[in-house]
Amino acid sequence: TGQNPNTIIIPNLVFTALEDNAAIIARLGGTAEQVVTPEFLARLFKIPNVLIAGGLISTNASGQSLSIGEIWGDGVTLAITNENQDLQEKRFTDI
């Protein structure tokens, strides 16, 4: 498309891993008081919109013991989103 992404969608599983990543923590200053936030990741990745995707789903067969899984898995999505209110325009482009 010739455009840079303006949105990154990070599944909760990935966000949790980023919170514990030594290189990310070092960029924060390496202190325990610092916390990885979507705003920090937006500055780090130079992408204005950072969304943390969560949600759980039942993965068991009917009649079986309850088994819960993540809806989003571990794939990060880079996208170009259109914040224009015109419903005729494309609002999301997955890159």
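This text follows the structure it describes.
Notes on the structure in this doc start here.

Cut-offs applied
All residue numbers refer to positions counted from 1 along the written sequence of the respective chain. Residues qualify for local features only when their pLDDT is at least 70, as the model is predicted, and side-chain atom pairs are given and counted only at 80 or more; totals for whole chains, interfaces and linings, by contrast, use all residues. The side-chain values count all of the structure's non-hydrogen atoms but skip hydrogen atoms and water molecules. Helical segments are the DSSP runs of H or I of at least four residues, strand segments are the runs of E of at least two, and each set is numbered from the N terminus. Each residue is assigned to one of three classes by its accessible area relative to the maximum for its type, calculated with a 1.4 Å probe on protein chains only: buried under 20%, partly exposed between the two thresholds, exposed over 50%. Whether two residues are in contact is decided by their heavy atoms: any pair within 4.5 Å suffices. When DSSP finds at least two bridges between two strands, those strands are taken to pair. The arc in question is traced by the directions running from the helix axis to the C-beta atoms. Each nonpolar core is a collection of buried residues, namely Ala, Val, Leu, Ile, Met, Phe, Trp, Tyr and Cys, held together in the definition by side-chain atoms within 4.5 Å. Each patch is built from salt-bridge-free residues with over 30% relative accessible area, joining like charges within 9 Å and nonpolar side chains (Val, Leu, Ile, Met, Phe, Trp, Tyr) within 5 Å. Only the protein chains shown count as cover for residues, and all accessible areas are computed by the Shrake-Rupley method using a 1.4 Å probe. Should a side-chain nitrogen of Lys or Arg be within 4 Å of a carboxyl oxygen of Asp or Glu, the pair is scored as a salt bridge.

Okay, the overall build of the chain next. Looking only at helices and strands, the chain features 3 helices and 6 strands. Listing the helices and strands of the chain from first to last along the sequence gives β-α-α-α-β-β-β-β-β. The buried share among the 95 residues of the chain stands at 25%. Look at the contacts in the chain between residues 6 or more apart in sequence, and 49% of them connect residues 24 or more apart.

Most of strand β1 (residues 7-11) sits out of view: 5 of its 5 residues are buried. Here β1 shows two buried faces, one formed by Thr7, Ile9 and Pro11 and the other by Ile8 and Ile10. Pairing analysis gives 5 bridges linking β1 to strand β2 (residues 49-53), with the strands arranged parallel. From the neighbouring strand, Ile9 faces β2, where its bridge partner is Leu51. Judged from the 3 bridges that link them, β1 and strand β5 (residues 77-81) form a sheet pairing that is antiparallel. Within β5, the residue paired with Ile9 across the bridge is Thr77.

Three- or four-residue spacings in an α-helix give side chains the same orientation, since the helix completes a turn every 3.6 residues. All of the buried residues along helix α1 (residues 12-19) are Val14, Phe15 and Leu18. Taken around the axis of α1, the buried residues stretch over an arc of 100 degrees, which confines them to a single face. The inward-facing, buried residues of α1 abut β1, α2 (22-28), α3 (38-45) and β2.

Counting 14 residues, the largest nonpolar core has Ile10, Leu18, Ile24, Val36, Phe40, Leu41 and Val50 as the members making the most contacts within it. When residues of this core are traced back to their parent elements, those giving at least two are β1, α1, α2 and α3. Looking at this core element by element, the count peaks at 4 residues for α3. With near-sequence residues (within four places) excluded, Leu18 lies in contact with Ile10, Ile24, Val36 and Leu41.

Within the chain, Lys46 stands out as a residue other than glycine whose phi angle is a positive 60 degrees. Structurally, Lys46 is set in the loop between α3 and β2. Its relative accessible area of 70% is what places Lys46 among the exposed residues.

Let's shift gears to a nonpolar patch on the surface. A cluster of nonpolar residues, Leu56, Leu66 and Ile68, forms a patch on the protein surface that exposes about 340 Å² of accessible area. Within the secondary structure, Leu66 sits in the loop between β3 (56-58) and β4 (68-70). The exposed category is assigned to Leu66, whose relative accessible area is 65%.

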